[in-house]
Amino acid sequence: MPHPEFLRKLVDEYETALAEDTATAAAGRNTRAQDLAYTLCVSTGTRDVGAALEAARRMLAAAGAGAGAGERRMPARRPGVTAPAPVPA
């Protein structure tokens, strides 16, 4: 699973590029939106951008990163578990 912060940024960039690339797409050129769609598909293990967006949104919801861009969630610490001791040199 890709990192939620990376995935959130990728979805946001794709949606922005999709809106901006209309003129470029009409000219038949490869667009930024197409590049981002490919990256979304690879990142989510899907083959079409609709499925990639759906999978990305599910992953973000599961990670708790869908609500706010840039919001970081730290893993919960289990009671009684401490960091490993440093290895002596």
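Just so it is clear, the model here is predicted, and its values are computed rather than measured. (Residues numbered from 1 in each chain as written. Predicted model: local features only at pLDDT ≥ 70, side-chain atom pairs only at ≥ 80, totals over all residues. Heavy atoms only, no water.)

K.L.:
Teacher, can you tell me more about the environment of threonine 44 here?
P.N.:
Along the chain, threonine 44 falls in helix α3 (residues 32-44). Looking at threonine 44, the relative accessible area reads 11%, which means it is buried. In this structure, the C-alpha to C-alpha distance between threonine 44 and methionine 1, residues 43 residues apart in sequence, is 7.3 Å. With near-sequence residues (within four places) excluded, threonine 44 lies in contact with Leu7, Ala52, Ala55, Ala56 and Met59. (Helix = DSSP H or I, 4+ residues; strand = E, 2+ residues; numbered from the N terminus. Buried < 20%, exposed > 50% of the residue type's maximum accessible area, 1.4 Å probe, protein only. Contact = heavy atoms within 4.5 Å.)

K.L.:
So what exactly am I meant to see when it comes to the side chain of threonine 46 here?
P.N.:
Its location among the elements puts threonine 46 in the loop between α3 and α4 (49-63). Not counting residues up to four positions away in its chain, the partners in contact with threonine 46 are Cys41, Ala51, Ala52 and Ala55.

K.L.:
I'm lost on the packing of helix α1 (residues 4-20) against α3 in this one. Help?
P.N.:
Each pair of packed helices can be summarised by the angle the axes make with each other and by the distance between the axes. For the pair α1 and α3, the least separation of the axes is 9 Å and the interaxial angle reads 150°. When the axes of α1 and α3 are compared, the pair comes out roughly antiparallel. Crossing handedness for the pair α1 and α3: left-handed. Residues Phe6, Leu7, Leu10, Val11, Glu13, Tyr14, Ala17 and Leu18 of α1 pack against Arg32, Ala33, Leu36, Ala37, Thr39, Leu40, Ser43 and Thr44 of α3. Tallied by class, residues from the contact of α1 with α3 come to 11 nonpolar, 3 polar and 2 charged. (Axes fitted to C-alpha atoms, helices over the stretch in contact; angles between N-to-C directions. Parallel < 35°, antiparallel > 145°, perpendicular 65-115°, else oblique. Left-handed = near helix turned anticlockwise from the far one by under 90°. Nonpolar A, V, L, I, M, F, W, Y, C, P; charged D, E, K, R; others polar.)

K.L.:
Teacher, can you tell me more about the pattern of salt bridges here?
P.N.:
Pairing is possible between side chains that carry opposite charge, provided their charged atoms lie close to one another. Evaluation of the coordinates by the stated rule reveals 5 salt bridges. Notably, a salt bridge pairs aspartate 12 with arginine 8, separated by 2.8 Å at the nearest N-O pair. You can see aspartate 12 and its partner arginine 8 sitting in helix α1, 4 residues apart, about one turn around the helix. For aspartate 12, a relative accessible area of 31% puts it in the partly exposed group. Note that lysine 9 is salt-bridged to glutamate 13, the shortest N-O span being 3.8 Å. One end of the pair, lysine 9, and the other, glutamate 13, are both in helix α1, 4 residues apart, so they sit about a helical turn from each other. A network of salt bridges, in which partner residues are shared, links Lys9, Glu13 and Arg32. (Salt bridge = Lys/Arg side-chain N within 4 Å of Asp/Glu carboxyl O.)

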